[in-house]
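Secondary and tertiary structure notes
This is what each chain is made of:
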Amino acid sequence: MARFTLPRDIYYGKDTLAELKNLKGNKAVLVLGGGSMKRFGFVDKAIGYLNEAGIEVKLFENVEPDPSVETVMKGAEMMRQFEPDWIISMGGGSPIDAAKAMWVFYEYPETSFEEIIQPFSFPTLRKKAKFLAIPSTSGTATEVTAFSVITDYAKGIKYPLADFNITPDMAIVDPELAETMPEKLTAHTGMDALTHAIEAYVSTLNSPFTDPLALKAISMVFEYLPKSYKGDKSAREQMHYAQCLAGMAFSNALLGIVHSMAHKTGAAYSTGHIPHGCANAIYLPYVIQYNAQDKTAKARYGDIARFIGIDGSDDDALVAALCKKIDDYNTDLHIPHTLKEFGIQEDEFLEKLPNVAALAVSDACTGSNPRPITPDQMAALLRCTYYGTKVEF
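We now turn to the structure provided with this report. For clarity, every value in this text was computed on a predicted model and none was experimentally measured. Per chain, the residues get numbers from 1 upward, laid out in the order the sequence is written. Local features in a predicted model are, by the rule used here, given only for residues with pLDDT of at least 70; side-chain atom pairs are given and counted only at 80 or more, and totals for whole chains, interfaces and linings are based on all residues. As a rule here, side-chain values cover all heavy atoms of the structure and leave hydrogens and water aside.

**Let's talk about the packing of helix 14 (residues 346-361) against helix 15 (residues 375-387)**
Rules: Where helices are involved, their axes are fitted lines through C-alpha atoms of the stretch in contact, as for all axes, and angles between N-to-C directions lie from 0 to 180°. A helix here means a DSSP run of H or I that spans at least four residues, while a strand means a run of E at least two residues long, and both kinds are numbered starting from the N terminus. Working rule for angles: under 35 degrees goes down as roughly parallel, over 145 as roughly antiparallel, 65 to 115 as roughly perpendicular, anything else as oblique. Throughout, a crossing is termed right-handed when the near helix is turned clockwise from the far one, and left-handed when it is turned anticlockwise from it by less than a right angle. The criterion used for residue contact is that any of the two residues' heavy atoms lie within 4.5 Å. Note on residue classes: Ala, Val, Leu, Ile, Met, Phe, Trp, Tyr, Cys and Pro are nonpolar, Asp, Glu, Lys and Arg are charged, and everything else, Gly too, is polar.
Running from amino to carboxyl end, helix 14 crosses helix 15 at an angle of 140 degrees, the nearest separation of the two axes being 8 Å. Compared by their axis directions, helix 14 and helix 15 come out oblique. Considering only the axes of helix 14 and helix 15, their crossing is right-handed. For the pair helix 14 and helix 15, the contacting residues are Glu-346, Phe-349, Leu-350, Leu-353, Val-356, Ala-357, Ala-358, Ala-360 and Val-361 in the first and Pro-375, Met-378, Ala-379, Leu-382, Arg-383, Tyr-386 and Tyr-387 in the second. A per-class count over the contact of helix 14 with helix 15 returns 14 nonpolar, no polar and two charged.

And the structure:
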């Protein structure tokens, strides 16, 4: 038996933030990131709408990029004291992911972080609160997914938490919030959305329910990301919807080893944190080359290429053309093509390679990748992403 789960309600379009005034409840914690939502006036708007609904609001602010276990625990403690019946998070993927994890420890204080690392092992939620997500970036789609990524900085590891329990009850996808993104963030989040959709389409858990969402998202990203990167507001709106469609697909079809690699390398190197979307963009063409050694995966990559109008004499040609198109987008978006180009030092890369490769293979996303991979193969694949060599194994 398979399952397809989405939020009960998704409100989309300009000015849909005003839907907050129709929320039913008594108390809400509003979880926020670094302050951009405040600077652009969206926090005041949200508080005003919630007050109009008769809801008392308390803020939990300054969730860091790639939220930590410590931040999650602080937020959960604040929630236990305030006792909200709504948890609302507004901003990029980080505050929304953090709020999802806080939700678990708010309702189950005795639960340990180690207990929920195993995918789909969460206790039943909604005993105390419901969850509403309002994204301000166009990439993570965490507003419609069963996932949250939390970082243990002491271990240098990102943990992808997965459980349908943390799929939000409600999402407000208002494109006006995404208009505030700077160029680099627009590029990284856009390529994150593309990776979500491509990995969902070739995942071993793809289905007739997820395939149309994934293909539509892929075509929209290729059409609108360049204009969105340059600040076109209409394109920004379409990208905000495209990433949401990609999220609906991958939340149900799951992902693959592009994300396994990104999760385990993002915080691994002292020479610089690799933003998640940037890491995905770097790894995606190499992983396509690796997975295309599998006949079924190759055919599905060919489907993607044909769907977006790429011509090719056979699936091999289509896969090569798809990888080139992604490489060209990375160039146009000023995203590095290799880890070396990003700035990771070679000696540190090689020293940590065996451990990083083993961790990536054990990542929760690896299980739905269309082609199996061993730690030795993962190490070889990571070498290709460092030096920029073609994947031929």
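After that view, the rundown keeps rolling.
**Some remarks on the pattern of salt bridges**
Note the threshold: Throughout this description, the term salt bridge denotes a Lys or Arg side-chain nitrogen within 4 Å of a carboxyl oxygen of Asp or Glu. Exposed residues in this analysis have more than 50% of their type's maximum accessible area, buried residues have under 20%, and partly exposed residues fall in between, with area computed by a 1.4 Å probe over protein chains only.
If you walk through the whole model with that rule in mind, you get 13 salt bridges. Linking Arg-8 and Asp-9 is a salt bridge whose minimum nitrogen-to-oxygen distance equals 2.8 Å. Judged by its relative accessible area of 71%, Arg-8 falls in the exposed class. Lys-324 serves as the salt-bridge partner of Asp-328, at 2.9 Å between the closest nitrogen and oxygen. Here the residue Asp-328 and the residue Lys-324 both occupy positions in helix 12 (residues 315-332), the gap between them amounting to four residues, near one helical turn. Exposure remark for Asp-328: the relative accessible area of 33% places this residue in the partly exposed category. Bridged by salt links that share partners, the residues Asp-303, Arg-306 and Asp-315 form one connected network.

**Digging into helix 8 (residues 233-253)**
As a reminder, the rule being used: One less than the number of residues in a helix, times 1.5 Å, gives the span that helix is expected to have. Polar contact criterion, stated in full: a pair of N or O atoms within 3.5 Å, where within protein one must be able to donate a hydrogen and the other to accept it, and residues adjacent in sequence count only if both atoms are side-chain atoms.
Here helix 8 contains 21 residues, and its C-alpha end-to-end distance of 30 Å stays within 8% of the 30 Å for a straight helix at 1.5 Å per residue. Across the 21 residues that make up helix 8, a large majority, 18, are buried. If you check the start of helix 8, you find a side-chain oxygen 3.0 Å away from the backbone N of Ser-234, and it comes from Asp-232. Backbone geometry just downstream of helix 8 places Leu-254 in the positive-phi region, at approximately 70 degrees.

**Brief notes about unusual backbone geometry**
Not every positive phi belongs to a glycine, and Phe-120 is a case in point at roughly 55 degrees. When you line up the elements, Phe-120 lands in the loop between helix 4 (93-107) and strand 5 (130-135).

**Quick notes on empty space enclosed by the protein**
Condition: A cavity here means a set of 1 Å grid points, computed over protein atoms only, where a 1.4 Å probe fits but cannot escape. A pocket is an open set with protein on both sides within 12 Å along at least 5 of 7 lines, and lining residues have an atom within 4 Å of a point. Grid points are joined across faces, edges and corners, and a volume is the space filled by probe spheres set on the points.
Tallying each qualifying case throughout the model produces one cavity of 30 Å³ or more. The volume enclosed by the largest cavity comes to roughly 40 Å³. What lines the largest cavity is a set of 13 residues, and nearest its centre among them are Glu-199, Val-202, Val-287, Asn-291 and Tyr-301. Counting residues per element, the ones that place at least two in the lining of the largest cavity are helix 6 (183-202) and helix 10 (276-291). A per-class count over the lining of the largest cavity returns nine nonpolar, three polar and one charged.

**So, the pairing of strand 5**
Regular strands show a simple pattern: their side chains alternate between the two faces of the sheet. Note the following rule: DSSP calls a pair of strands paired once it identifies at least 2 bridges connecting them. Consider the strands pointing away from the viewer: the crossover is right-handed when the path from the first strand over the helix to the second runs clockwise.
Most of strand 5 sits inside the fold, with five of its six residues counted as buried. In terms of strand pairing, strand 4 (residues 86-91) meets strand 5 through six bridges, oriented parallel. Paired with Ile-87 across the bridge in strand 5 is Phe-131. Following the chain from strand 4 across helix 4 to the adjacent parallel strand 5, one finds a crossover that is right-handed. Note: strand 5 against strand 8 (residues 170-173), two bridges, orientation parallel. Opposite Leu-132, over in strand 8, you have Met-170 as the bridge partner.

**Comments concerning the sheet that holds strand 5**
Read from one edge of the open sheet, six strands run 1-8-5-4-2-3, paired in parallel fashion. With one partner strand each, in any of the chains shown, strand 1 (9-12) and strand 3 (56-60) form the two edges of the open sheet. Each strand axis lies, on average, 20 degrees off the axis of its neighbour in the sheet, ignoring direction. Against the sheet, helix 3 (residues 69-82) contacts strand 2 (27-31), strand 3 and strand 4, and its axis sits at roughly 160 degrees relative to strand 3. Along the sheet, helix 8 contacts strand 1, strand 5 and strand 8; its crossing angle with strand 8, the most-contacted strand, is approximately 155 degrees.

**As for the environment of Asp-363**
Checked against the element boundaries, Asp-363 lands in the loop between helix 14 and helix 15. Judged by its relative accessible area of 4%, Asp-363 is buried. Residues Asp-363 and Pro-160, spaced 203 residues apart in sequence, show a C-alpha to C-alpha distance of 7.8 Å. Discounting residues that sit within four places of it in the chain, Asp-363 has contacts with Pro-160, Ser-260, His-263 and Lys-264.

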